[in-house]
Amino acid sequence: SANEDGLPPYLDPTHEFYSETLDAAVRAWQGVYAEGGFKPGGRGHKEQLENWLRNRFSHLSDNARKGIVAVVNPNKLGGNPKTKKS
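Reading the values: rules and limits
Residues numbered from 1 in each chain as written. Predicted model: local features only at pLDDT ≥ 70, side-chain atom pairs only at ≥ 80, totals over all residues. Heavy atoms only, no water. Helix = DSSP H or I, 4+ residues; strand = E, 2+ residues; numbered from the N terminus. Buried < 20%, exposed > 50% of the residue type's maximum accessible area, 1.4 Å probe, protein only. Contact = heavy atoms within 4.5 Å. Areas by Shrake-Rupley, 256 points an atom, 1.4 Å probe, with all protein chains shown as cover. Axes fitted to C-alpha atoms, helices over the stretch in contact; angles between N-to-C directions. Left-handed = near helix turned anticlockwise from the far one by under 90°. Nonpolar A, V, L, I, M, F, W, Y, C, P; charged D, E, K, R; others polar. pLDDT = per-residue confidence, 0-100. Polar contact = N/O pair within 3.5 Å; in protein donor to acceptor, adjacent residues only side chain to side chain. Phe/Tyr/Trp six-rings, centres within 6.5 Å; stacked < 30°, edge-to-face > 60°.

**Observations concerning the overall build of the protein chain**
Argument step 1. When helices and strands are tallied, the protein chain shows three helices and zero strands.
Argument step 2. Listed N to C, the secondary structure of the protein chain is α-α-α in terms of helices and strands.
Argument step 3. Evaluated residue by residue, the protein chain yields a buried proportion of 27% over its 86 residues.
Argument step 4. Put simply, 36% of the contacts in the protein chain that link residues at least 6 apart link residues at least 24 apart.
Argument step 5. Accessible surface, the protein chain: about 6300 Å² in total, of which carbon and sulfur atoms supply 52%.

Encoded structure:
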């Protein structure tokens, strides 16, 4: 259940088992995919997620950010999306 600020326990930094890495992953997904941050036709998912994290969680290690991107990125094959041929 949510805390008094409306945060789920896993995003509540005062919770005994709070994980900043999990918090960053959830917020990256929200920022890039749910809040219109993803720019189709531009850079790939991985790069957009990495940029989002670098701008907002710059103090996390490169390994932490790479791990978050690996979990959050829906494009598991990597690279640019394939285009349909007519």
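There is more to say, and it comes next.
**What about the packing of helix α1 (residues 20-34) against helix α2 (residues 45-56)?**
Argument step 1. Their axes nearest at 10 Å, the elements α1 and α2 cross at an angle of 115 degrees. The way α1 lies across α2 gives a crossing that is right-handed. Between α1, through Ala24, Arg27, Ala28, Gly31, Val32 and Tyr33, and α2, the contact on the second element is made entirely by His45, Gln48, Leu49, Trp52 and Leu53.
Argument step 2. Residue composition of the contact of α1 with α2, by class: seven nonpolar, three polar and one charged.

**Remarks on the side chain of Gln48**
Argument step 1. Along the chain, Gln48 falls in helix α2.
Argument step 2. Taking the relative accessible area as the measure of exposure, Gln48 reaches 11% and is therefore buried.
Argument step 3. Among residues more than four places away in sequence, those in contact with Gln48 are Val32, Gly37, Phe38, Lys39, Gly42 and Arg43.

**Re the confidence of the model for the protein chain**
Argument step 1. The pLDDT averaged across the protein chain works out to 87; a share of 90% of its residues lies at or above 70.
Argument step 2. Taking the mean pLDDT of every element in the protein chain, the minimum, 94, falls on α2 and the maximum, 96, on helix α3 (residues 62-72).

**Overview of the side chain of Asp23**
Argument step 1. Residue position: Asp23 is located in helix α1.
Argument step 2. Judged by relative accessible area, Asp23 falls into the buried class, the value being 5%.
Argument step 3. Only 2.6 Å separates the side chain of Asp23 from the side chain of Tyr18, close enough to count as a polar contact.
Argument step 4. Ignoring anything within four residues of it in the chain, the contact list for Asp23 reads Leu11 and Tyr18.

**Observations regarding the packing of aromatic side chains**
Argument step 1. Counted by the stated rule, this structure contains three aromatic pairs.
Argument step 2. On the numbers, 5.8 Å between centres and 35 degrees between planes, the contact of Tyr33 with Phe38 is tilted.
Argument step 3. Given a relative accessible area of 21%, Phe38 falls into the partly exposed group.
Argument step 4. Cluster of aromatic residues (ring-pair linked, three or more members): Trp29, Tyr33 and Phe38.

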